[in-house]
Amino acid sequence: MDLVIFSFLVPILAGIFAFRLDGKRADALLVGASGFSLLTITYSLITFTPRHVVLAEVDNFGEVYGLIVDDISLPIAFVVSLVGFLFMLYSIDYLSPQNRERPVREGKGRFHGWMLIFLGSTLGFLFSSSMLQMLVFFELMSLACWGVVSFYGTKEAIRAAYKALLMPNFGALVGLYSAFALAYLKTHDLSLLSLSSLPQDVKLLVFLGTMIAAFTKSAQFPLYSWLPDAMEAPTPASAFLHGAAMIEMGVFLLARVVQFMNPIPKTGGFIMLFLLAITLLITTIAYPMQKDAKRLLAYSTMAEAAVMYSGVLFAIFGSGLGIKLAMFQIFTHAFVKGLGFLTAGTFSYSLGTLNMGKIKVGGLVGTVWMLSLFGLAGAPPFGIFFSKALLLRSGVQIGGICWGIVLLILLDSTVFFVVSALRVRDMLGGEDLKVTGLMRGVIAILAVLAVIAPALGYKLIVGW
């Protein structure tokens, strides 16, 4: 049996057991299962061999269960397992009675269980080789997202959790189920590889249906409001949701379908460009109005997802590197976005607030907060500078209507940088925050990874 199977089965099974635990036993299971997943993926990456493994075929349905381990799925699985492991380490001390904003005295096993299921379903989604598999893990991710967002049990958290469950599932029902059903009716095969045999007019319909599901998963216009509200989740869950799970998996879903269906009719690209443009305009307008640190990061996630989608867009318009550049953006974004969220988590942990107007901070935490915001805007030396630069260059080379998305990305990044600079100016000048050594260590590791990410992920572009 292929080793990567255990990378997602172990955390899912461990997550189910974690619900019955609490305290240090829940912490130990969390570290053990997520660490095992990371080691498994790392070993698979070191010994990488591209492969398509068919594990189950059924008459009249073709391949229903299997694995595609290639130079896209495995590197993204590596970054998901790596940052997931770090976020979960951070959560051990973050979910404690010492947290001034949201003290936690019991129930860690429930949170750890949902996080492990979130990790496992994300990895299972990445390696899926059939449409049925993708649907199952797509829904399991949404369920886990509901679990972590609702964790605190407040009225606001429960409302946000159901919104985070229902809106992406609405997109799935309207878009993904319809797209995959249509594809199956034409091919009588659930394998993703069968998408290449679809007629062009059917490809357009399958693409548009998948785009609806992917865009709701990634909080793109028009169904995006669930994401800022989902900030009711504990910060480690917010970091995973934004840095390596739901948002990025929407991009991966659409990229995977385009990868196997190419060429896509250009009409699909024009519709996609229009929706991305509106999303970027919304985030550009929203930045100056945000006072909550996590909500500012949430709107930046919407914009960064639009940047990732621009790589898929460029692939539709003829860029041979478009999908790989989108994956490179996912790779570099995960570390700096995680850094931003976990640094914001120190505000709630130590100060009891995320209101940037009430925060004065200095030292390591203040410096890292400033650098993470500037890094998200695309400033060097963080990795997003390089992935954004390559994507913008690709758009310029294609020219034509793609110039519009290039200019909007530049506008969004500029406004985010200016807003961040103004916020940081008012926030700096205080003392370094008192957090545990584990939390500080995770933040320091993420800061290093955010800088060296381009070196780690460059093979996504040149070939693994």
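Remember, predicted model here, so these are calculated numbers, not experimental data. (Residues numbered from 1 in each chain as written. Predicted model: local features only at pLDDT ≥ 70, side-chain atom pairs only at ≥ 80, totals over all residues. Heavy atoms only, no water.)

Caption draft 1: Summary view of the environment of D292. With respect to the secondary-structure elements, D292 resides in the loop between α11 (266–286) and α12 (293–316). C-alpha of D292 to C-alpha of G357: the two residues are 65 residues apart in sequence and 8.5 Å apart in space. Once residues lying within four places of it in the same chain are set aside, the contact partners of D292 are L354 and M356. Polar contacts involving the side chain of D292 include one to the main-chain amide nitrogen of R295, which spans 3.1 Å. (Helix = DSSP H or I, 4+ residues; strand = E, 2+ residues; numbered from the N terminus. Contact = heavy atoms within 4.5 Å. Polar contact = N/O pair within 3.5 Å; in protein donor to acceptor, adjacent residues only side chain to side chain.)

Caption draft 2: Focus on the packing of helix α3 (residues 73–94) against helix α17 (residues 437–457). Between α3 and α17, whose axes approach to 8 Å, the crossing angle comes to 155°. Between α3 and α17, the interaxial angle falls into the category roughly antiparallel. By crossing handedness, the relation of α3 to α17 is classed as left-handed. Between α3 and α17, the residues in contact are L82, V83, L86, F87, L89, Y90, I92, D93 and Y94 and L438, M439, V442, I443, I445, L446 and L449, respectively. Classifying every residue of the contact of α3 with α17 gives 15 nonpolar, no polar and 1 charged. (Axes fitted to C-alpha atoms, helices over the stretch in contact; angles between N-to-C directions. Parallel < 35°, antiparallel > 145°, perpendicular 65-115°, else oblique. Left-handed = near helix turned anticlockwise from the far one by under 90°. Nonpolar A, V, L, I, M, F, W, Y, C, P; charged D, E, K, R; others polar.)

Caption draft 3: Structural detail: the pairing of strand β1 (residues 51–58). Of the pairings in the sheet, the one linking β1 to strand β2 (residues 62–69) comprises 7 bridges and is antiparallel in character. The partner of V53 across the bridge, within β2, is L67. The turn joining β1 and β2, which pair antiparallel and follow one another in sequence, is formed by 3 residues; a positive phi near 75° is taken by N60. (Pairing = 2+ DSSP bridges.)

Caption draft 4: Quick look at the side chain of N169. Counting through the fold element by element, N169 comes out in helix α6 (residues 155–187). Contacts of N169, omitting those with residues within four sequence positions, involve E139 and S142.

Caption draft 5: Fine view of the UniProt feature "domain: NADH:quinone oxidoreductase/Mrp antiporter transmembrane" (unreviewed entry) in the protein. What UniProt calls "domain: NADH:quinone oxidoreductase/Mrp antiporter transmembrane" (unreviewed entry) maps, in this numbering, to residues 128–402. This span, residues 128–402, is 74% helix and 0% strand, and a straight line between its end C-alpha atoms measures 31 Å. (UniProt positions renumbered as here; feature names shortened; annotations may be inferred.)

Caption draft 6: Region of interest: the nonpolar core. If you look at the biggest cluster of nonpolar residues, it comprises 180 residues, and the most contacted ones within it are M272 and F347. No other element matches the 17 residues that α12 contributes to this core. With residues up to four places along the chain from it excluded, the contact list for F347 reads A293, G352, T353, L354, I359, V361, V365, W369, M427 and L433. (Core = buried A, V, L, I, M, F, W, Y, C linked by side-chain atoms within 4.5 Å. Buried < 20%, exposed > 50% of the residue type's maximum accessible area, 1.4 Å probe, protein only.)

Caption draft 7: Quick peek at helix α7 (residues 200–217). Counted at 1.5 Å a residue, the expected span for α7 with its 18 residues is 26 Å, and the 25 Å between its end C-alpha atoms agrees. Of all 18 residues making up α7, 13 are buried, and the element is well covered by its neighbours. A219 lies just past α7 and shows a positive phi near 55°. (Expected span 1.5 Å × (residues − 1).)

Caption draft 8: Seen up close, the packing of aromatic side chains. One pass over the structure, following the stated rule, counts 18 aromatic pairs. A ring pair is formed by F125 and F138, whose centres lie 6.4 Å apart and whose planes are at 50°; its orientation type is tilted. With F125 in helix α4 (residues 108–127) and F138 in helix α5 (residues 131–149), this residue pair connects regions lying 13 residues apart in the sequence. F138 shares its class with F125; the two are buried. An aromatic cluster is present here, built from F19, W114, W146 and Y162 joined pairwise through their rings. Over the aromatic face of Y152 sits the side chain of R102, whose NZ or CZ is 4.6 Å from the ring centroid. Over the face of the ring belonging to F138 we find K217, whose NZ or CZ atom lies 3.8 Å from the ring centre. (Phe/Tyr/Trp six-rings, centres within 6.5 Å; stacked < 30°, edge-to-face > 60°. Lys NZ or Arg CZ within 6 Å of the ring centre and 35° of its normal.)

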